[in-house]
Structures are given as C-alpha cells and as structure tokens.
Amino acid sequence: MDAVYQRCINPACAATCAVDQTTFVCPRCQGMVDVAYDWDRLSPPRSLRDFEAKWADRGNPLSFSGVWRFRELLPFAPPDQVLTIGEGQTILQRADGVAGYVGLEPGRLYLQYEGMNPSGSFKDNGMTAAFTHARLVGARRAACASTGNTSASLAVFCSVTGLMRAVIFIGSGKISYGKLAQALDHGALTVQIAGDFDDAMQRVQQVARRLGIYLVNSINPFRLEGQKTIMYRVLEGLRWEVPDWIVVPGGNLGNVSAFGKAFMELADLGLVRQLPRLAVINAAGANTFYHLYEQLGLRWNQGRPEATVITGYYKGLDDEQIRAATIASAIEINRPVNLPKALRALERCGGAVREVTDQDILDAKAKVGAGGFGCEPASAASVAGARKLRQEGVIAAGERVVCILTGHQLKDPTATVAYHSTDQKTFEEVLGRRGVRRATFANRAVQVPNDLDEIIKAIEVYS
Ligand code: F0G
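The notes below deal with the structure included here. Computed from a predicted structure; not experimentally measured.

Observations regarding the environment of Asn-287
Considering the arrangement of structural elements, one finds Asn-287 in the loop between β11 (277–283) and α9 (288–295). Between the C-alpha atom of Asn-287 and that of Ala-445, which follows or precedes it by 158 residues, the distance is 34 Å. In contact with Asn-287, not counting residues within four places along its chain, are Asn-282, Tyr-313, Asn-334 and Glu-355. Among the polar contacts listed, one links the side chain of Asn-287 to the side chain of Glu-355, at a separation of 2.8 Å.

A closer look at the nonpolar core
One finds Phe-76, Leu-154 and Phe-289 to be the most contacted residues of the largest nonpolar core, which totals 103 residues. The element that contributes the greatest number of residues to this core is helix α7 (residues 221–237), accounting for seven residues. When neighbours within four sequence positions are excluded, Phe-76 is seen to be in contact with Val-4, Val-19, Val-35, Tyr-37, Trp-68, Ala-129, Thr-132, His-133, Leu-136, Phe-222 and Glu-225. Counting residues in each nonpolar core, the second largest holds 34 residues, with Ala-352, Val-368, Ala-381 and Ala-386 among its members.

Let's talk about the pattern of salt bridges
Any two side chains of opposite charge can pair, given that their charged atoms come close. A complete count under the given rule lists 26 salt bridges for this structure. Of the charged contacts, one joins Arg-344 and Asp-34 as a salt bridge, the two residues approaching to 2.7 Å between their closest N and O atoms. A residue pair is termed long-range when its members are at least 10 positions apart, and Arg-344 in helix α11 (residues 339–349) and Asp-34 in strand β3 (residues 33–37) qualify at 310 residues. Asp-34 shares its class with Arg-344; the two are buried. Of the charged contacts, one joins Glu-72 and Lys-54 as a salt bridge, the two residues approaching to 2.9 Å between their closest N and O atoms. With Glu-72 in the loop between α1 (61–64) and β4 (91–94) and Lys-54 in the loop between β3 and α1, this pair connects stretches of sequence that are 18 residues apart.

Quick word on the sheet that holds strand β13 (residues 401–405)
Spatially, six strands are ordered β4-β5-β13-β10-β11-β12 in an open sheet, and the strand pairing comes out mixed. Unpaired on one side and paired on the other, β4 and β12 (351–356) mark the two borders of the sheet. Averaged over all pairs of adjacent strands, the angle between strand axes in this sheet comes to 25 degrees, irrespective of strand direction. Pairing between strand β10 (residues 245–249) and β11: five bridges, direction parallel. Counted as the bridge partner of Trp-245 is Arg-277 from β11. Packing of helix α12 (residues 358–370) onto the sheet brings it into contact with β5 (109–113), β11, β12 and β13, and relative to β12 it is tilted by some 100 degrees.

Here we look at the pairing of β11
Within β11, six of the seven residues are buried, which leaves it mostly tucked inside the rest of the structure. Since β10 and β11 lie parallel, the crossover through helix α8 (residues 254–268) that links them has a hand, and here it is right-handed. The pairing of β11 with β12 spans six bridges and is parallel. Residue pairing in the sheet places Leu-278 in a bridge with Gly-351 of β12.

What about the packing of aromatic side chains?
Summed over the entire model, instances satisfying the criterion amount to twelve aromatic pairs. The interplanar angle of 55 degrees and the centroid separation of 5.3 Å between the aromatic rings of Phe-70 and Tyr-232 together place this pair among those described as tilted. On the criterion of sequence distance, the pair formed by Phe-70 in the loop between α1 and β4 and Tyr-232 in helix α7 is long-range, its members being 162 residues apart. Pairing Tyr-313 with Tyr-314 gives two aromatic rings, centres 6.1 Å apart and planes at 55 degrees, and the pair type is tilted. Comparing Tyr-313 with Tyr-314 shows no difference in burial state: the two are buried. Following the ring pairs from residue to residue traces out a cluster consisting of Phe-24, Trp-68, Phe-76, Tyr-214 and Phe-222. For Arg-299, the ring lying beneath its charged end belongs to Tyr-293, and the centroid distance is 3.7 Å.

Quick notes on the site of the ligand
The local shell around the ligand holds 21 residues, among which Ser-146, Thr-147, Gly-251, Asn-252 and Thr-406 are the closest. A distance of 2.9 Å separates a nitrogen atom of the ligand from a polar atom in the side chain of Lys-123. Take Thr-406: an N or O atom from its side chain is 2.7 Å from a nitrogen atom of the ligand. Out of a free accessible area of 480 Å², the ligand has 99% covered by protein chains. Only α4 (149–161) and α8 provide two or more residues apiece to the shell around the ligand.

Calculation rules
Residues numbered from 1 in each chain as written. Predicted model: local features only at pLDDT ≥ 70, side-chain atom pairs only at ≥ 80, totals over all residues. Heavy atoms only, no water. Helix = DSSP H or I, 4+ residues; strand = E, 2+ residues; numbered from the N terminus. Contact = heavy atoms within 4.5 Å. Polar contact = N/O pair within 3.5 Å; in protein donor to acceptor, adjacent residues only side chain to side chain. Core = buried A, V, L, I, M, F, W, Y, C linked by side-chain atoms within 4.5 Å. Buried < 20%, exposed > 50% of the residue type's maximum accessible area, 1.4 Å probe, protein only. Salt bridge = Lys/Arg side-chain N within 4 Å of Asp/Glu carboxyl O. Pairing = 2+ DSSP bridges. Axes fitted to C-alpha atoms, helices over the stretch in contact; angles between N-to-C directions. Right-handed = clockwise from strand over helix to strand, strands pointing away. Phe/Tyr/Trp six-rings, centres within 6.5 Å; stacked < 30°, edge-to-face > 60°. Lys NZ or Arg CZ within 6 Å of the ring centre and 35° of its normal. Near = heavy atom within 4 Å. Areas by Shrake-Rupley, 256 points an atom, 1.4 Å probe, with all protein chains shown as cover.

Given below as structure tokens:
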C-alpha cells in the first residue's frame, strides 16, 4: 500500500482507497473518509520546534505559507505540486480587554485571527490543500456550496492561479454582500439556488458527481488537512504549549473535525503530551450539533453514532419545516456534513457544545472589535460561547483559552453598521427581526451640522 491513502473513519470498516480518488466516500460503507498516513514511511518532525527552521526560509513559498511550512504533517503531495497563494499569515493575539468580557484572567484569552488570510477567512487554509489535490488529479473545474467564505476562497484560488474554473452554489439572499462581492469580482460562475445552504449542499454533490466536477466543500478530506494547520499556528504562537481550550464556531463542522485530527496525530506521533478540550459553538437558530450532542446525547460510539437519533432529528426539522436562521449567516446550517468527524474529535479531546443567541453574538463581536482587529458575526460566536462556558463554570478563570476568529470584520458590514446605527429602522430591519433587542456596546456616529464651532463642540463633549 502507498504511504498516503484515504481511509474510512469507521474503525470497524477502515476500508481504504487511493490518494487520487475524488468521490470522498468510503468505497465499502459509503461513510466519510480521512487522509491517512503511514508515518513510518514518511518523515514527520521529531519535535514541533523543528518547524522553527522554516522561519529563516521565507524566500521559499512553501515555507512562507502558514499551511505548508508544516508540510511534514500533511505530506500528501510532492512539494513541487503544492499550490499556494501565501495563505495562513495569521496572528494569535493576547486579548486582555476581551478576556475581561469573557470572564478570564488577564493573559488567559488569545484570539486567532484567521480573517487575515488572502480571501479574508480561514477557508484558505483548506483551499490550498484541496486545490493542490485537485491539480494532482487533473481537475479543470471545482465546485462548492457556500454560505460565502468557501466560495470567496475558491474564487480567489481560481483567479490567482488560473488553473480551474470556479462553480459556486449559494442560497438566494443567504450570503453577505462582502462575500458575494468576492465571488463576482473574482469571476466565479455563481449559481444562486432558490433555497438555503442545506439545499445548495445537496445539489452541489449531485452536480459534481454528474459532471465530474471536483468538490471543495469540507466533505473533501484534503480541505481538512489544510485546516489542521490553524492548530499548528496556535501552538506556534504559544511557543508550542497546548492551551486548555480551543473554542470554535460550528457550521458544517469542518474546523472542529480538522482540529481533532490535528491533535490526535500530534499525540500519536508523540509531539504533544496533552490535548486541549474543544468547544463548538452553534448559533441558536442553527443548533443541530448542540441538540444532538448535548440534549440527545449523541456520541462517536466507536465509529457508529446512533443513526436513528440523527435521522429522527432531521425528520423533526422537516416535519416542522424548520430552517436554519441566524444573523451569523456563515454558520446558518442545519445539516452539518462533518457530523461524524466532529463527534470523533470531541470523543478524543473532550469538550462541549453550546448555543448562543444572535444578541450574544453581536455583543461579543462588538467587544472583539473594540479590543482587537475585529471579526464577522459567525466568528464572534466563539467568544460568546467562551463567555457562556465561563459563566457556567465549565471553563475556569485561570485556564488558557484560544477563540478562533474565522472571518474578517469586513465580510459583513451590514450587520456591523446596523448594530452601531442610530437609525432605528436599519436596526429593526437587519437585527430586530432576528430577536436582537439592544446594541449593548454600540459606538454611535455623532451627527453635527457642517459648522466649525459645532464640530469642535461635539468633539470636546464626546472625546
Ligand atoms: N466561521 C465562518 C466565518 C465560516 O465561513 C464558517 C463556514 C464557519 C465559521 C463554520 O465552519 O463549517 O468548519 O464548522 N462557512 C462555510 C462556507 C460553510 O460556505 O463558507 P465549519
């Protein structure tokens, strides 16, 4: 067998297929697959500190990339085949102002700003890996369903490299303007479906199969290989120490699945001695994972999560015609495709799933903006969730917590402006209908006549 292959995630099945397969389902049981490595035949590092040598090699695009400088931990492609656009130059920031809001001691909260990627979200970490695989298998077209960030990322990779045509499926009226603008500007074929993300996700899988188009949603295990590196950069930012908690918003559950795989491999390779706990935060209007994990007790169960619990839950959603609905449009998802992998991640690392309201999300977002570089609504769910877990006493005040800020502040200016607006009508239209009652931390613009004295007076009063 090859040193790199794809393998069914169910240990009782564990069927394998070649690295160049693009169906992304188990050939025997139709379950999900991982990218698997025979580490004895590869050269993983002996210590995480070995990666520090890459810092002096930034002239090499592979060492400059925040993904590929860890290439020995995702060695599925020959280095000369790797496709990078300089992704992963992101920052782990200590954020004491936000720590106070969350209820943590100073120095205990860190924010991982993945919005600093070329397309403005964490997706570029995964896209560089999926794109590399797509090139390996000779794909000419790549498709995804998206709430806006995957599509923006795919569009940028296509426009920068000129190697593939992007085909994007979005729910109509479901993505923020910042993200739609990216898909259009970068020349992607943008298909707006009369439906939501869950509908688009089903359709893109059918279309990709029918037309042989390469699929880059996180059902693609190569995407998750790239997203593992978010955790490597967190460790790098903490001088290779493992934090107590990683808190991440949950949508399609690709990130938590990738983070779990990253830590499982690091532990198996003897590169870390302990694992962090993982907290996944749903929006209350799109809370399938919270329901299944915390309320219905669904567990990994050695690779066989109880299927009737899942199908019963989805049937209930259908019967009551419940659709996902949240201001955090990036995570407005009710049928997360990576559910089994997410259960596995929580089984191995331990952790919790919580839901937060749109009010919680927007207040947390304002705090992130006031205390750092800012983020889009979905990303702030992580901070709102950390605060909730802190209030419950699940996270202790002295524990070290890293919240992943998945997307850039400018992705969704509509929500931000409505929150800070003095105009009640704008507030109601964008936020009121979602149950947001207050802009607790609003920073309102000051209205002044076009008159020097009045302007000076206003500045003296307000500053
Ligand atoms: N945060 C942001 C900003 C996102 O765009 C997404 C997912 C998530 C969190 C959730 O991550 O799926 O790994 O749990 N956005 C996808 C998209 C669905 O189409 O852009 P997840």
